[in-house]
Structure formats: C-alpha cells, structure tokens
Amino acid sequence: MRILAKSIALAILTTTPILAATTTTSPLHSIHTKWEEHKADRALDHLSQSGQYAMVDILQAKHILDSGESASALPLLLRASKRLVAAGNDRQKFIAAESDLHPVPQHPASSSHTPIIEKTAWIPVGGEFIVGEELAPEKKTAIATANSQLKSGQRQEVVETMKVVGEDTDFIVALAPLAQTQKAINQAIALAKSNKSQEASQVIDHVMDSLVFISDNDVETVIPTSKHASTAHKK
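Scoring rules and cut-offs
Residues numbered from 1 in each chain as written. Predicted model: local features only at pLDDT ≥ 70, side-chain atom pairs only at ≥ 80, totals over all residues. Heavy atoms only, no water. Buried < 20%, exposed > 50% of the residue type's maximum accessible area, 1.4 Å probe, protein only. Helix = DSSP H or I, 4+ residues; strand = E, 2+ residues; numbered from the N terminus. Pairing = 2+ DSSP bridges. Expected span 1.5 Å × (residues − 1).

Draft legend 1. Local environment of the pairing of strand E3 (residues 170-177). Most of E3 sits out of view: seven of its eight residues are buried. In terms of strand pairing, strand E2 (residues 120-130) meets E3 through eight bridges, oriented antiparallel. Residue pairing in the sheet places Gly127 in a bridge with Val173 of E3. Looking at chain direction, E3 and strand E4 (residues 212-215) are connected through four bridges and run antiparallel. The residue bridging Ala174 from the neighbouring strand is Phe213, located in E4.

So this is what it looks like as structure tokens:
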C-alpha cells in the first residue's frame with residue numbers, strides 16, 4: 001500500500017487467529033524464539049500508543065467524512081485531537097529535521113508529500129513487520145498475523161506470534177509530524193462543524209501525505225529515551 005497508516009484503519013476491526021507455537025524444542029530454536037520475542041518487544045516499544053490510537057481515529061473519521069456524515073465524524077476528530085496532545089507527552093516523541101530521516105524503499109513518501117525543512121517533533125504512529133521472499137510460507141503467515149494483531153493493538157499477541165518466525169525481520173515505523181498533524185486535525189474539526197465533509201476529508205489526506213516511513217534501526221538512533229536504549233547505554 002502507498003500509505004501504511006491507511007492500512008491501520010482498514011485492518012483495525014479485522015481479527016486473525018494467533019498461530020500456535022512450533023513444536024521444535026532444539027536449543028538453537030529456543031535461542032531464536034527468545035531473540036525474536038526480544039526484537040518484537042523492542043520494536044513495539046518505539047511506537048506511541050496515543051499516536052497509534054489518534055491515527056486510527058483520524059482514518060475512521062475520514063471514512064465517515066467520505067460518506068458525507070460530518071456530524072458522525074466530529075467525535076472521532078475531537079478524540080484524535082486529545083490523543084495527539086497525549087502523544088506529544090509520550091517518551092517516543094523526538095525532534096529531528098526530515099532530512100535526517102531515512103525513508104525505506106518499501107514505503108516511499110507520497111507523491112504529494114512536502115518535506116519539512118526545519119526541525120520538528122515526530123511521533124511514531126504505526127508499524128509493520130517485513131520479511132524477505134525466501135521465508136517459509138508458514139512464517140510469512142505468522143508475519144501477516146503479527147501485523148494484523150499490531151494494527152488491532154494486541155501487543156502481547158504480537159510478541160507471542162513472532163516467536164514462530166525464528167528468522168531476521170525488519171520493522172518499519174510510520175512517523176507523523178506532530179505540530180503539522182495537530183494543525184490539520186484542528187482544521188478538519190472546524191470544517192466538520194461547518195458540515196464541509198469533503199473539505200475535511202481532503203485535509204486528512206494532507207495528514208496521510210505528511211507521513212514518513214523509516215526503519216526501526218533508524219528509530220533507535222533518534223529515540224534515546226527508549227527503555228531498551230537506556231538499558232543498553234548502562235551496560
């Protein structure tokens with residue numbers, strides 16, 4: 001998909017059965033299992049929970065606005081605005097110039113994306129596990145399950161599911177510029193109050209276009225307050 005955050009809203013009500021853990025019990029498998037559990041937990045720790053829920057509200061509101069129902073979308077937009085304020089207080093927020101971020105090729109910026117020149121606050125609002133084509137089918141299925149669980153906010157289930165993979169995976173993080181997103185949502189709220197659903201939906205499109213997708217490895221360097229990073233620095 002062109003915009004990862006859009007997939008969050010589309011999949012938020014989708015439930016996927018959790019795969020049973022493999023029965024392999026060799027010491028090597030056990031090491032892989034523990035490592036994947038650690039990696040999954042570490043990756044999820046980089047996401048702003050308030051930011052994730054705000055993005056879900058925003059995208060659900062857009063779906064309603066596209067149906068011309070401004071009044072029904074307004075509560076979601078107002079809740080998203082409050083959650084963005086909370087996200088601004090999350091430790092996952094960080095300050096950086098967009099030029100210092102390194103977008104991943106799997107999710108390039110929108111063709112309508114306008115780079116932000118000055119340094120600004122970013123919040124991680126979504127994520128996705130990705131793997132290579134050579135991975136076994138059942139492990140690709142496990143990744144798909146983990147991504148579905150992630151989009152539904154099932155963090156612990158994600159960690160459990162990732163035990164099945166036992167292979168290296170990458171984690172892509174969706175970043176939203178906080179101030180710009182808050183300004184856009186305030187505009188959408190004003191338009192919704194004036195029953196201008198189409199215009200409000202177009203403003204949300206600008207929010208989607210502003211997203212930047214980077215590797216979790218890059219996130220490690222820009223969020224020094226991570227509990228995992230702090231532990232590593234103490235060693």
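Draft legend 2. Here's a closer look at the environment of Ala190. Along the chain, the position of Ala190 falls in helix H7 (residues 178-193). Overall, the relative accessible area of 42% leaves Ala190 in the partly exposed class. Taking the C-alpha atoms as reference, Ala190 lies 8.2 Å from Ala200; in sequence the two are ten residues apart.

Draft legend 3. Representation of helix H3 (residues 49-65). The first and last C-alpha atoms of H3 sit 24 Å apart over 17 residues, in line with the 24 Å expected at 1.5 Å per residue. With respect to burial, H3 is a largely interior element, twelve of its 17 residues being buried. Within H3, burial applies to Ser50, Gly51, Gln52, Ala54, Met55, Val56, Asp57, Ile58, Leu59, Ala61, Lys62 and Leu65.

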